[in-house]
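# Remarks on the overall topology
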Amino acid sequence: MNQLRNIAIIAHVDHGKTTLVDTLLRQAGGFRENQEIAERVMDSNDLERERGITILAKNAAVRYKGTKINICDTPGHADFGGEVERALSMVDGVLLLVDASEGPLPQTRYVLRKALEKKLAPIVVINKIDRKDARIQEVLNAVYDLFIDLDATEAQLDFPVIYANARAGLAGLTPDEEMKDLGPLFDAIIKTVPEPGGDPTKVLQMLIANLDYSDYLGRLAIGRVFEGTVKTGENVALVRRDGTIATAKITKLFTFEEIHRLECEEAHAGDIVALAGFSEVNIGETVTSAVDPQGLPPLHIDEPTLSMVFSINTSPMAGREGKYVTSRHIKDRLDKELLTNVALKMEPTESADSFKVIGRGELQVAILIENMRREGFELAVSNPDVVTRMVDGVRCEPFELVSIDIPETFTGVMMEKMALRRGEMVKMVNHGSGRVLLDFMVPTRGLIGIRTEVLTDTRGTAVMNRLFDSFRPWVGDISRRTKGSLVADRVGDTTTFALFHLEERGELFLGAGEKVYEGMVVGENARAGDMDVNVTKAKKLTNMRASSADDALRLTPHRQLTLEQALEFISTDELVEVTPQSIRLRKRILPSEDRYKKMRPLEAS
Ligand SMILES: Nc1nc2c(ncn2[C@@H]2O[C@H](COP(=O)(O)OP(=O)(O)OP(=O)(O)O)[C@@H](O)[C@H]2O)c(=O)[nH]1
Ligand SMILES: [Mg+2]
């Protein structure tokens, strides 16, 4: 049998994982000479390419000196931590990438903790050593500190260190040696990562860690064969997470080869495979012998902490742009998502038209919404809320560790900001370079909408990272947005004239010539509380033509909110209306009269 190694590449966001997979594939002969291949070839879905980030963990495989290496590329953004956890269930070792300038960041800590808990063999790769601001030795020391902090065993602390420039495909055992390729990294993988083990003659046990979908094969179950041999055409049992057993026939079997799936007749213990033939199959289930079924321990995935309510679109413009608009459509789509996305949960609400979606963070849920828009859905989404939980009779809420790297001068501002949001400073490091690193423990509730604010406060100079830490006792009220909304008071088309005269009242979210309806949010009020405004007002007709008079007025460019920004901006009495073409903000209650009626009793109490 061929030699085999299974590894996952893990790191904080943007430290170069997908780029390294590119060069590993290239140097192992994964691509034909001169073959045109896209940069970051593993980031294959539309949103990944557009945003330049990895969202889904994916498998590839390379061959080096007779050994097949299965490689799992994982996402670095904290919201997709569930993907990393599952990828780790397929491998025996990890490449921990650390940016030579940025050093270990919160997600580095998270993924390393998961890898050490699973007793995987780590190889540390100090990447981007070509960066001008690289501080290689310092970063390596910080990596050692991190291992010690995470209670690594002696053996784990003995990790090999590789210095690399993933983009150029260079690696070495020292930072200064002359490098010619990734050879030293390949050699380290083969030397450090143990062979997968498992006995091909034993009872089949394959743990499903991932699902994929193919138009002509249907659902594909991806995972590692831990014991035994899996064969095409074989009847097998599927042990569900609750212990019940279903049977199925494997219609097709694939192993990974470069960036493709290669059809084969059988695969043995140790390899990572994709199976077709199951109509219903879920992550965490075991594919095993139909005669003597033996389940593997189910996968544990961290609980999600942030929720948003998805409802049907009830705005006056509903149904104009989307194909799928009913609650049935939305529910079916969410059910389908839950099958492949185990870090996401759904709960029913009091209304049959609304569903509570619980995820790891704003980005994870925003990506789902973005995918739904592209598929033709219309929906209304509430502001994010946190999940609370009772721990020993005390109501607890999620807390996150937030690291902010800023120029020294902003230290005071940032400490004030975090204190307002009930954050406590846990660490402060002054590099002596004019920048400081501040660590805060802050309730997730206080962090909604924080990124935009921090960037504004620090004139774009802050680098901020956050990571779920633990559930802690509820800290009481946190004041969120201090400013109200500018709300359209009637239906119509916006005019330059009206918008121009509103500019001093706040910041606008739309330009001239756009359709609005009563109750639609058109901007942020400069003061607290909402203000109803007429954005459709035309200049009184004089002898001059109104439009040419409008032309003379120049609008300041308005603030175009992205989906994430819109979700972070809205307060509890507002919604984001999402359609394939538009993102609009609105009050939950549209008619202004009804809105004020509803507010009065509140104010009196
Ligand atoms: N200077 C330099 N840049 C690099 C190197 N490796 C990667 N990059 C750049 O770093 C950026 C991020 O690279 P990716 O490979 O997408 O990072 P990633 O870790 O896969 O990111 P996520 O999957 O979103 O977590 C890209 O612009 C790369 O070109 C390197 O060795 N040196
Ligand atoms: Mg990536």
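Preceding block: the structure.
Note that the structure is a prediction, hence the values are computed from the model and not measured. (Residues numbered from 1 in each chain as written. Chains lettered and ligands numbered in written order. Predicted model: local features only at pLDDT ≥ 70, side-chain atom pairs only at ≥ 80, totals over all residues. Heavy atoms only, no water.)

## Details of the packing of helix 3 (residues 81-88) against helix 4 (residues 106-117)
Filter applied, for reference: Each axis is a line fitted through C-alpha atoms, and for a helix only the stretch in contact is used; angles between axes span 0 to 180 degrees, taken between their N-to-C directions. The way it works is that DSSP assigns letters per residue, a run of H or I at least four long becomes a helix, a run of E at least two long becomes a strand, and they are numbered from the N terminus. Angles are sorted into four bins: roughly parallel if under 35 degrees, roughly antiparallel if over 145, roughly perpendicular if 65 to 115, and oblique for all others. Note on convention: near helix rotated counterclockwise from far helix by under a right angle means a left-handed crossing. Clockwise means right-handed. The contact definition used throughout considers only heavy atoms, calling two residues in contact when any of these lie within 4.5 Å.
Orientation of helix 3 relative to helix 4, taken along the N-to-C sense of each, is 30°, at an axis distance of 10 Å. The angle between helix 3 and helix 4 places the two elements in the roughly parallel class. Classified by chirality, the crossing of helix 4 by helix 3 is right-handed. On helix 4, the residues that touch Gly81, Val84, Glu85 and Leu88 of helix 3 are Gln107, Tyr110, Val111, Lys114 and Ala115.

## Considering the site of ligand 1
How we decide: Think of it this way: one heavy atom of a residue within 4 Å of a molecule or strand is enough to make that residue near it. Here a polar contact is recorded for every N or O atom pair within 3.5 Å, except that within protein the pair must consist of a potential hydrogen donor and a potential acceptor, and residues adjacent in sequence are included only if both atoms are side-chain atoms. Accessible surface is estimated by sampling points in the Shrake-Rupley manner with a 1.4 Å probe; for residues, cover comes only from the protein chains shown.
As a matter of local geometry, ligand 1 sits amid 17 residues, with Lys17, Thr18, Thr19, Thr54 and Asp130 nearest to it. In the model, an oxygen atom of ligand 1 is placed 2.7 Å from a nitrogen or oxygen of the Lys17 side chain. Asn165 is positioned with one of its side-chain polar atoms (N or O) 3.0 Å from an oxygen atom of ligand 1. In the complex, the protein chains occlude 89% of the 660 Å² of accessible area that ligand 1 would expose alone. With three residues, helix 1 (residues 17-27) is the single largest residue contributor to the shell around ligand 1.

## Points about the pairing of strand 5 (residues 121-127)
Which entries qualify depends on this criterion: Each residue is placed in one exposure class: buried if its accessible area under a 1.4 Å probe, protein chains only, is under 20% of its type's maximum, exposed if it is over 50%, and partly exposed if it falls in between. Two strands pair under a simple rule: DSSP has to find at least two bridges between them. Crossover handedness is defined here as right-handed if the route from the first strand over the helix to the second strand goes clockwise, with the strands pointing away from the viewer.
Counting buried residues in strand 5 gives seven out of seven residues, a clear majority hidden from the surface. Here strand 5 shows two buried faces, one formed by Ala121, Ile123, Val125 and Asn127 and the other by Pro122, Val124 and Ile126. Strand direction decides the pairing type here: strand 4 (residues 93-99) and strand 5, joined by seven bridges, are parallel. Of the residues in strand 5, the one forming a bridge with Asp99 is Asn127. Taking the sense of rotation as the criterion, the β-α-β connection linking strand 4, helix 4 and strand 5 turns out right-handed. Pairing of strand 5 with strand 6 (residues 161-165), which is carried by three bridges, proceeds in the parallel orientation. Each residue of the ladder has a partner; that of Ile126, found in strand 6, is Tyr163.

## Observations regarding a nonpolar patch on the surface
Let me state the cut-off plainly: Each patch is assembled from residues with relative accessible area greater than 30% and no salt bridge, linking like charges that lie within 9 Å and nonpolar side chains (Val, Leu, Ile, Met, Phe, Trp, Tyr) that lie within 5 Å. Here a salt bridge means any side-chain nitrogen of Lys or Arg lying within 4 Å of a carboxyl oxygen belonging to Asp or Glu.
Nonpolar side chains collect at one region of the surface, where Met415, Met425 and Met428 lie side by side and expose about 250 Å² of accessible area between them. Mapping Met425 onto the fold places it in strand 25 (residues 424-430). Using a relative accessible area of 34% as the deciding quantity, one classes Met425 as partly exposed.

## Looking at the coordination of the magnesium ion (ligand 2)
Defined as follows: In this analysis a donor is any N, O or S atom within 2.8 Å of a metal ion (3.2 Å for sodium, potassium and calcium), and since water is not included, sites may seem incomplete.
Listed as protein donors to the magnesium ion (ligand 2) are Thr18 (OG1) and Thr54 (OG1); their distances from the metal cover 1.9 Å. Here Thr54 lies in the loop between helix 2 (46-51) and strand 2 (58-64) and Thr18 lies in helix 1, a separation of 36 residues in the sequence. The buried category is assigned to Thr18, whose relative accessible area is 6%.

## As for the nonpolar core
For soluble globular proteins, the rule of thumb is that nonpolar side chains tend to be buried together. To keep things clear, this is the line we draw: Nonpolar core, defined: a set of buried Ala, Val, Leu, Ile, Met, Phe, Trp, Tyr and Cys residues in which side-chain atoms within 4.5 Å join the residues together.
Counting 44 residues, the largest nonpolar core has Ile10, Leu88, Leu96, Ile126, Val143, Phe147 and Tyr163 as the members making the most contacts within it. Non-local contacts of Ile126, meaning those with residues more than four positions away in its chain, are made with Val98, Ala100, Ile136, Val139, Leu140, Val143, Val161, Ile162, Tyr163 and Ala164. With 29 residues, the next largest nonpolar core counts Met308, Ile312, Leu379 and Phe509 among its residues.

## Details of the pattern of salt bridges
Applying the stated criterion across every chain, the model contains 45 salt bridges. The residue Glu337 makes a salt bridge to Arg333 at a minimum N-O spacing of 2.9 Å. Of the two residues, Glu337 and Arg333 are both situated in helix 8 (residues 327-340); the distance of four residues between them amounts to about one turn of the helix. Accessibility classification places Glu337 together with Arg333 in one group, the buried group. With a closest N to O distance of 3.1 Å, Lys515 and Asp493 form a salt bridge. Pair noted here: Lys515 is in strand 31 (residues 515-516) and Asp493 is in strand 29 (residues 492-493), with a separation of 22 residues, a long-range link. Exposure remark for Asp493: the relative accessible area of 38% places this residue in the partly exposed category. Several salt bridges share partner residues, and in doing so they unite Glu50, Glu370, Arg373 and Arg374 into one network.

## Describing the side chain of Asp73
Inclusion rule: Charged residues are defined here as Lys and Arg on the positive side and Asp and Glu on the negative side; His and the ends of the chain fall outside this count.
Relative to the assigned elements, Asp73 resides in strand 3 (residues 67-73). This buried residue, Asp73, is left without a salt bridge; Lys58 holds the nearest opposite charge, at 5.5 Å. Each residue touching Asp73, except ones within four places of it in the same chain, is listed here: Lys17, Thr18, Val21, Met42, Asp43, Thr54, Leu56, Ala57 and Lys58.

## Concerning the sheet that holds strand 14 (residues 260-263)
The strand order across the open sheet formed by eight strands is 12-11-17-8-9-16-13-14, and the pairing between neighbours is antiparallel. Both edges of this open sheet fall to strand 12 (245-249) and strand 14, since each of them pairs with a single strand only. Strand after strand, the sheet turns through a mean of 40° between neighbouring axes, direction not considered.

## Details of the sheet that holds strand 7 (residues 170-172)
Read across the sheet, seven strands follow the order 2-3-1-4-5-6-7 without closing on themselves; strand pairing throughout is mixed. Only two strands of the sheet have a single partner each, and these edge strands are strand 2 and strand 7. Sheet twist, expressed as the mean angle between neighbouring strand axes with direction ignored, is 30°. Together, strand 1 (3-11), strand 2, strand 3 and strand 4 form the strand contacts of helix 1, whose direction differs from that of strand 1 by roughly 150°.

## A closer look at the environment of Gly492
Relative to the elements of secondary structure, Gly492 occurs in strand 29. Excluding anything up to four places from it in sequence, Gly492 contacts Glu514, Lys515, Val516 and Thr536.

## Some points on the side chain of Glu83
Relative to the helices and strands, Glu83 is located in helix 3. Take Glu83: its relative accessible area is 7%, and that puts it in the buried class. Looking at Glu83, its side chain comes within polar contact range of the main-chain nitrogen of Ala57, at 2.9 Å. When residues no more than four places from it in sequence are discounted, the contact partners of Glu83 are Ile55, Leu56, Ala57, Pro75 and Asn210.

## Considering the packing of aromatic side chains
Aromatic rings considered in pairs are described by the distance between their centres and by the relative angle of their planes. Condition: Between 30 and 60 degrees the pair is tilted, below 30 it is stacked and above 60 it is edge-to-face, where a pair is any two Phe, Tyr or Trp rings, Trp via its six-membered ring, whose centres lie within 6.5 Å.
For the structure on display, the rule yields six aromatic pairs. With 4.2 Å between their ring centres and 5° between their planes, Tyr64 and Phe186 make a pair best called stacked. Note that Tyr64 is positioned in strand 2 and Phe186 in helix 7 (residues 183-192), a separation of 122 residues in sequence. Judged by its relative accessible area of 14%, Tyr64 is buried. Plain terms: the ring middles of Phe509 and Phe569 are 5.1 Å apart, the flat faces sit at 90° to each other, and that makes the pair edge-to-face.

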